[in-house]
Amino acid sequence: MNKWWKEGVAYQIYVRSFKDTNGDGVGDLKGIIEKLDYLKDLGIDIVYLNPINKSPNDDNGYDISDYYDIMDEFGGMHDFELLIEELHKRGMKIIMDMVINHTSDEHPWFVESRKSKDNPYRDYYIWHPGKNGGPPNNWGSFFGGSAWELDDTTGEYYLHIFSKKMPDLNWRNPKLREEIKDMIRFWMEKGVDGFRFDAINHLEKNFDFPDAEIKNGQIYGDFIKHVQNLPKVHDYIKEIRRDVFNRDYHVLIGETGGISYHNAYIYTGLDRQELDMTFHFDMHSVGRGENDWERKRIDLVKDIKEKMSGWQLRDEGQGWCPLFYSNHDTTRTVSRLGNDSRYHRESATMLATLQLTQKGTPFIYYGDEIGMTNAWDYKLEDYRDVAVFNKYKDFVETGLVSEEDYLKGLHYMSRDNSRTPMQWNDDKNAGFSEAEPWIRVNTNYKTINVESQLKDENSILNYYKKLIQIRKNNKELIYGDFIEINREHDEIYSYIRRMEDSAFLVIVNFFDKNPEFILPGDIKLNDVKLVLSNYECDDADNIKKIKLRPYEARVYRVRLLTC
Ligand code: GLC
Ligand code: CA
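Let me begin by describing the structure that accompanies this report. Only a predicted model underlies this, so the values are computations on that prediction, with no experimental measurement involved.

### Re the nonpolar core
Here is step 1 of the chain: If you look at the biggest cluster of nonpolar residues, it comprises 158 residues, and the most contacted ones within it are Tyr 11, Leu 49 and Phe 80.
Here is step 2 of the chain: Broken down by element, the residue count for this core peaks at seven residues, all from helix α15 (residues 460-473).
Here is step 3 of the chain: The next biggest cluster of nonpolar side chains, apart from the first, holds 17 residues, and it includes Ile 492, Ile 496, Leu 548 and Val 558.

Right, dumping it as structure tokens:
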């Protein structure tokens, strides 16, 4: 079925890092409003914002202290209403990030909950008396340290699978579920068009709290299977969908670790009545070696094609998929999957070509449209992510990893790589803010920035613009079938998108070598026209055999006779 969220191109904004308008070094909603015309001009239809609710920012908004209000730093409710209005005026939609697996420990529910064992809010969270004078089990938290925190007032432990300032909500409590549903309704009424449910697959835990397996001499157990993708999660999602989203307009997206194209059906299958799409983690650790500080060559067939094509080849009854490489929890696309030095422009545009010509909704992560890179020269003190400092204790302070390797690992793996301020121009602080930014600007902003790329016809930014227009003007690229060719080729990724005999042929060279593309003999086509490439091409109509240049990408319009 045709939907606005299938046809639109989305853009993810990490609000703190996008544009500061009041000179406090923190991005804000007015900053987004200021840049809406830039986004519109780029071809964006949907804006997805990382959390903007009130929060003490232990985890930059993923620790909410008031679900019904907007962070003061971001400009409060008034600016949010203005933003929705300005977006809708331009025919754009807004997706809000909803964090309902946990709250901040400063949320009034938790403030009450920790007061006494019989407080009416006690069961809004997960409390345990502990075992043998210690925590209930050896579960670790995603951000380092134990998943349990002893609370002095009642002498019991509460569960937090993220930081200790982010206690997990108890979804087994029907009262809690009603509160959450009311809260979502509130934002729908404000005009929000869709939601990204954070960490949604963690809503249920194994309440037997068994010890988890210990790996590699680490202190905490591998707890994930006890808190992720458990059957009851589906009951909770179904309930929200049924009770809150009883009309078929909004888009519901879930963040679901441990789920990929072969099993996403359990969340997005049309007959399941749960979510429309899931954000997976398939691209997060591509190219990662045994340890965080080691690299491994990307295997195009296994690491990229199998996964990207895997999502493409599902039938629509299994759900729609988002097309993305990066977000606020990964590193920069061109640094992880391309070559961010010698072939910066070529590899960034090659990756964009794949992202924007496959089937699904593209989510462009802010800054990827100009090829922003990892912060390779960050020192330990430049990092801001709570996980960096917690894990320092678990790995460096215990002697498991040297400080040097840990820092090298951060350069490759830290989420802060993709949270540095948007590079608007080559002025002070990259034009992001008048004041010192909350997180250090990437030093390459003098050469990589929006202003200079807008002026350069051959820039990454202008390539994105052209590509987005091609996608929007051609339904083949949105709803067309996906037919992969030369699947086993380990340097070239190529495929056809078609609707009847009208088709696009996409050919990209994923590395810095010069492989030869050969059109398989059983594919017959004519009316060949090259519509976009990241190189000058003088052999534009000959697609039988092409010697490709490093990271070369080509998009052809063709008439397909047989394949
Ligand atoms: C999700 C978010 C991540 C956050 C975590 C806890 O994984 O994407 O940024 O830290 O949930 O809310
Ligand atoms: Ca600000």
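Once the structure has been displayed, the description carries forward.
### Topic: the packing of aromatic side chains
Here is step 1 of the chain: Under the counting rule described, the total for this entry stands at 40 aromatic pairs.
Here is step 2 of the chain: A centroid spacing of 5.8 Å and a plane angle of 75° characterise the contact between Tyr 392 and Tyr 406, whose relative ring orientation is edge-to-face. In this pair, Tyr 392 is assigned in helix α12 (residues 386-395) and Tyr 406 in helix α13 (residues 403-413), connecting sequence segments 14 residues apart. Neither residue differs from the other here; Tyr 392 and Tyr 406 are each classed as buried.
Here is step 3 of the chain: Aromatic ring contacts, followed pair by pair, group Tyr 11, Phe 18, Tyr 38, Tyr 365, Tyr 366 and Trp 424 into a single cluster.
Here is step 4 of the chain: The ring of Trp 438 is capped by Arg 16, whose NZ or CZ atom sits 5.1 Å from the centre of that ring.

### Regarding the layout of surface pockets
Here is step 1 of the chain: Considering only enclosed or pocket space, the second largest pocket measures out at about 350 Å³ in volume.
Here is step 2 of the chain: For the second largest pocket, the lining is made up of 17 residues, of which Lys 3, Arg 241, Asp 248, Leu 270 and Asp 276 are closest to its centre.
Here is step 3 of the chain: Residue composition of the lining of the second largest pocket, grouped by class: five nonpolar, five polar and seven charged.

### A short note on the packing of helix α11 (residues 344-357) against α15
Axis angle and axis distance: for two packed helices, these are the angle between their axes and the distance between the axes, and together they describe the pair.
Here is step 1 of the chain: Remark: α11 packs on α15, axes separated minimally by 10 Å, with the N-to-C direction vectors making an angle of 15°. Judged on the interaxial angle alone, α15 and α11 are roughly parallel. α15 is crossed by α11, and the crossing has right-handed handedness. Together, His 344, Arg 345, Ala 348, Thr 349, Ala 352, Thr 353, Gln 355, Leu 356 and Thr 357 of α11 and Ile 460, Tyr 463, Tyr 464, Leu 467, Ile 468 and Arg 471 of α15 make up the contact between the two elements.
Here is step 2 of the chain: Looking at the contact of α11 with α15 residue by residue, the class counts come to eight nonpolar, five polar and two charged.

### Let's talk about unusual backbone geometry
Here is step 1 of the chain: The phi dihedral of Asn 132 is positive, around 45°, even though this residue is not glycine.
Here is step 2 of the chain: Among the structural elements, Asn 132 can be located in the loop between β6 (127-128) and β7 (148-151).
Here is step 3 of the chain: Owing to a relative accessible area of 79%, Asn 132 belongs among the exposed residues under this scheme.

### Considerations on empty space enclosed by the protein
Here is step 1 of the chain: In total, this model carries six cavities of 30 Å³ or more according to the counting rule given.
Here is step 2 of the chain: By volume, the largest cavity amounts to about 120 Å³.
Here is step 3 of the chain: Forming the walls of the largest cavity are His 280, Met 283, Met 308, Trp 311, Gln 312, Cys 321, Pro 322, Leu 323, Phe 324, Tyr 325, Gln 355 and Gln 358.
Here is step 4 of the chain: At the level of elements, α9 (300-312) and β12 (322-323) are the ones that each hand at least two residues to the lining of the largest cavity.
Here is step 5 of the chain: No other element matches α9, which puts three residues into the lining of the largest cavity.
Here is step 6 of the chain: Residue composition of the lining of the largest cavity, grouped by class: eight nonpolar, four polar and no charged.
Here is step 7 of the chain: The computed volume of the second largest cavity comes to approximately 80 Å³.
Here is step 8 of the chain: Surrounding the second largest cavity, Trp 311, Gln 312, Arg 314, Glu 316, Gly 319, Trp 320, Cys 321, Lys 359 and Gly 360 form its lining.
Here is step 9 of the chain: Of the residues that constitute the lining of the second largest cavity, the class distribution is three nonpolar, three polar and three charged.

Calculation rules
Residues numbered from 1 in each chain as written. Chains lettered and ligands numbered in written order. Predicted model: local features only at pLDDT ≥ 70, side-chain atom pairs only at ≥ 80, totals over all residues. Heavy atoms only, no water. Core = buried A, V, L, I, M, F, W, Y, C linked by side-chain atoms within 4.5 Å. Buried < 20%, exposed > 50% of the residue type's maximum accessible area, 1.4 Å probe, protein only. Helix = DSSP H or I, 4+ residues; strand = E, 2+ residues; numbered from the N terminus. Phe/Tyr/Trp six-rings, centres within 6.5 Å; stacked < 30°, edge-to-face > 60°. Lys NZ or Arg CZ within 6 Å of the ring centre and 35° of its normal. 1 Å grid on protein atoms, 1.4 Å probe; cavity = no way out; pocket = protein on both sides within 12 Å on 5 of 7 lines; lining within 4 Å. Points joined across faces, edges and corners; volume = space filled by probe spheres on them. Nonpolar A, V, L, I, M, F, W, Y, C, P; charged D, E, K, R; others polar. Axes fitted to C-alpha atoms, helices over the stretch in contact; angles between N-to-C directions. Parallel < 35°, antiparallel > 145°, perpendicular 65-115°, else oblique. Left-handed = near helix turned anticlockwise from the far one by under 90°. Contact = heavy atoms within 4.5 Å.

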